[in-house]
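Examining the three-dimensional arrangement
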Amino acid sequence: MLDRLDQQPPDALLALIKLHDADPRPDKIDLGVGVYRTGQGETPVFGAIKAAERKLVDEQPSKSYLGPEGDMGFVHALMPYIFDGTDPSLGGRIEGMQTPGGTGAVRLALALAKACGVTRILMGVPSWPNHAQIVKDLGLELVTFAHSTADGAADLDALKAALADAREGDAVLLHGCCHNPTGIDYTPGQWDEIATLLADSPALPVLDLAYQGLGHGMDEDAYGVRRVISAVPEALVAYSCDKNFGLYRDRVGALYAMTQDAESLNRVLSNGHALARAAWSMPPDHGAAAVRLILEDETLTAQWQDELDQMRTRIRQVRDRLGAAGKVGSVDLGPLAQQNGMFAVLPLDKDQIAELRSEHGIYMAGSGRINVAGLTMDNIDKFVSAVRAVAS
Ligand code: PLP
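Residues numbered from 1 in each chain as written. Predicted model: local features only at pLDDT ≥ 70, side-chain atom pairs only at ≥ 80, totals over all residues. Heavy atoms only, no water.

Let's talk about the side chain of N371
For clarity, the threshold we go by: Under the DSSP-based scheme used, a helix requires at least four consecutive residues in state H or I and a strand at least two consecutive residues in state E, with every element numbered from the N terminus. The buried label goes to any residue with under 20% of its type's maximum accessible area, the exposed label to any with over 50%, and the partly exposed label to all in between, with areas taken from a 1.4 Å probe on protein chains only. Polar contacts here mean pairs of N or O atoms no more than 3.5 Å apart (in protein, one a potential hydrogen donor and the other a potential acceptor; neighbouring residues in sequence count only if both atoms are side-chain atoms). Throughout, a residue-residue contact means that at least one pair of heavy atoms, one from each residue, lies within 4.5 Å.
Among the secondary structure elements, N371 is positioned in strand β13 (residues 369-371). By relative accessible area, N371 is classed as buried at 0%. Here V35 takes part through its backbone oxygen, which lies 2.7 Å from a polar atom of the side chain of N371. Setting aside anything within four residues of it in sequence, one finds N371 in contact with L31, V33, G34, V35, M342 and F343.

Considering the site of the ligand
Here is the rule: One heavy atom within 4 Å of a molecule or strand makes the whole residue count as near it. All accessible areas in this document rest on Shrake-Rupley with a 1.4 Å probe, and a residue is counted as covered only by the protein chains that are shown. Residues are said to line a cavity or pocket when one of their atoms sits within 4 Å of a point; the points come from a 1 Å grid over protein atoms alone, cavities being sets where a 1.4 Å probe fits but cannot get out and pockets being open sets with protein on both sides within 12 Å along at least five of seven lines. Each molecule is assigned to a cavity or pocket provided more than half of its atoms lie within 2 Å of the corresponding grid points.
If you check the shell around the ligand, you find 13 residues, and the closest are T103, D208, Y211, D242 and R251. Separating an oxygen atom of the ligand from a side-chain N or O atom of N180 is a distance of 2.7 Å. In this structure, D242 approaches the ligand through a side-chain N or O atom, which is 2.4 Å from an oxygen atom. In isolation the ligand has 390 Å² of accessible area, and contact with the protein removes 92% of it. In a pocket analysis with a 2 Å cut-off to the grid points, the ligand is assigned to the largest pocket. Broken down by element, the shell around the ligand gets its largest block of residues, 3 residues, from helix α4 (residues 101-115).

Section: the layout of surface pockets
Test applied: Grid points are joined across faces, edges and corners, and a volume is the space filled by probe spheres set on the points. Charged residues are taken to be Asp, Glu, Lys and Arg, nonpolar residues to be Ala, Val, Leu, Ile, Met, Phe, Trp, Tyr, Cys and Pro, and polar residues to be all remaining types, Gly included. Domains are outlined according to an automatic or database domain assignment.
Of the volumes computed, that of the largest pocket is approximately 1,200 Å³. Breaking the lining of the largest pocket down by element, the ones donating at least two residues are α1 (12-22), α4, α5 (129-137) and β11 (343-345). Looking at the lining of the largest pocket residue by residue, the classes come out as 22 nonpolar, 13 polar and 7 charged. Both domains that furnish three or more residues to the lining of the largest pocket are identified here as domain 1 (11-45 + 305-391) and domain 2 (65-296). One number sums up the size of the second largest pocket: a volume of about 620 Å³. Along the walls of the second largest pocket sit 29 residues, with C116, L204, E234, Q260 and V268 positioned nearest its centre.

Some words on the sheet that holds strand β3 (residues 120-125)
For clarity, the cut-off: At least two bridges found by DSSP between two strands is the condition for calling them paired. Under this scheme, a helix contributes an axis fitted over its contacting stretch, all axes are lines through C-alpha atoms, and angles between N-to-C directions fall in the 0 to 180 degree range.
Here 7 strands make up an open sheet; going across it, the order is β2-β8-β7-β6-β5-β3-β4 and the pairing mixed. Each edge of the open sheet carries a strand with a single partner, namely β2 (94-100) and β4 (141-146). Averaged over all pairs of adjacent strands, the angle between strand axes in this sheet comes to 20°, irrespective of strand direction. The sheet contact formed by β2 and strand β8 (residues 252-258) spans 7 bridges and is antiparallel.

Some words on unusual backbone geometry
In this chain, V125 is followed by P126 through a cis amide linkage whose omega measures 5°. Locating P126 in the fold gives a position in the loop between β3 and α5. At the junction of N180 and P181, the peptide bond is cis and its omega measures out at 20° in the coordinates. Topologically, P181 is positioned in the loop between β5 (170-175) and α7 (188-199). Here the phi dihedral of L90 falls at roughly 50°; this positive angle occurs in a residue that is not glycine. Residue position: L90 is located in the loop between α3 (72-82) and β2.

A closer look at helix α2 (residues 47-59)
As a reminder of what qualifies: By this rule the span expected of a helix is its residue count minus one, scaled by 1.5 Å. The arc in question is the one traced by the directions running from the helix axis out to the C-beta atoms.
Over its 13 residues, α2 runs 18 Å from end to end, which matches the ideal 18 Å to within 8%, given 1.5 Å per residue. All of the buried residues in α2 are A48, I49, A52, E53 and L56. Seen from one end, α2 has its buried residues packed into an arc of 135°, which puts them on one side. Within α2, the exposed residues directed more than 90 degrees away from the buried face are R54, V57 and D58. Check the buried side of α2 and you find it contacts α11 (286-295) and α12 (298-324).

The structure is reproduced here in structure tokens:
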């Protein structure tokens, strides 16, 4: 039986890491892997996480099972940051559960959507590649529209047209902030329009918030989610703490459901619990417990926010420097200064991307996606010159 399986292609980004590691050039640049890097090229553990982990080692009374919902202290501690701070549960209409990372949250959101009759997922492209893989794996139909226009803005008209064609049994998957891979987010004004459109649409909103705090700030980056939540009768929100707490491998996320009324909330969540129980039984505890300890402690919360601010500031500095370079050969880096988060897509073809790698030691995804946090103040000029050399 097992022999019937076809070979699957290796994950392109993991293959890129191996190539980068094997490159002996000391000034090589890795723009492929999607993790934050400091100006020294490191991805350190947050100081606030280290402190919370020490506390956890000293004080955790047991590692006995929790349940499919995970650490509800963690789930609730995050809610004021994501939703309206004064009434995060919207009068008892929003509740959540912990998931293995944002991936687990997206997976569960779409599985829950399928369980209640959704058959088609409307999604702007390009998107994070795993979105389409999850949709396919669940046997749902993917209906795509353009996420952005050629001049580097979000394509609101394309989303409007997709929503105009939406019907019962559709869900629409939107990135909350720091769009991966383009870095192109809807503006607050566009979110206002989107919220109004969704209020009248049959499509169930599924909002993926994986980079809160890496764009303009925790509140600013929640604008879209909060606007949609305040306008629509029901929605699902998939959340990741793996970037804004630097917990990548610890797999920390949450899924939140907003229902039409408080009475149906428990019923909906019970379906999420049943799906989780059959898939992973319960989420890994450690990272979420560390996040909870941070959010329960004012000093640790301030330390975490300070560390997150530093990340965001560095990303902005790199973006500003890239943007100031303007037109570099055929590539306009100008819009990168207006975009958000770690990622941007450069209009380079396969040959140009290969040449950047072979001639300049610059590694990026085959899609032209770069992780701007892979650049430092010391190597931006080299990067810009290399792009000019291959794209002129
Ligand atoms: N959603 C988006 C848009 C992402 O880019 C990612 C990670 O790259 C995720 C969700 C999932 O994040 P994780 O599973 O690492 O928490």
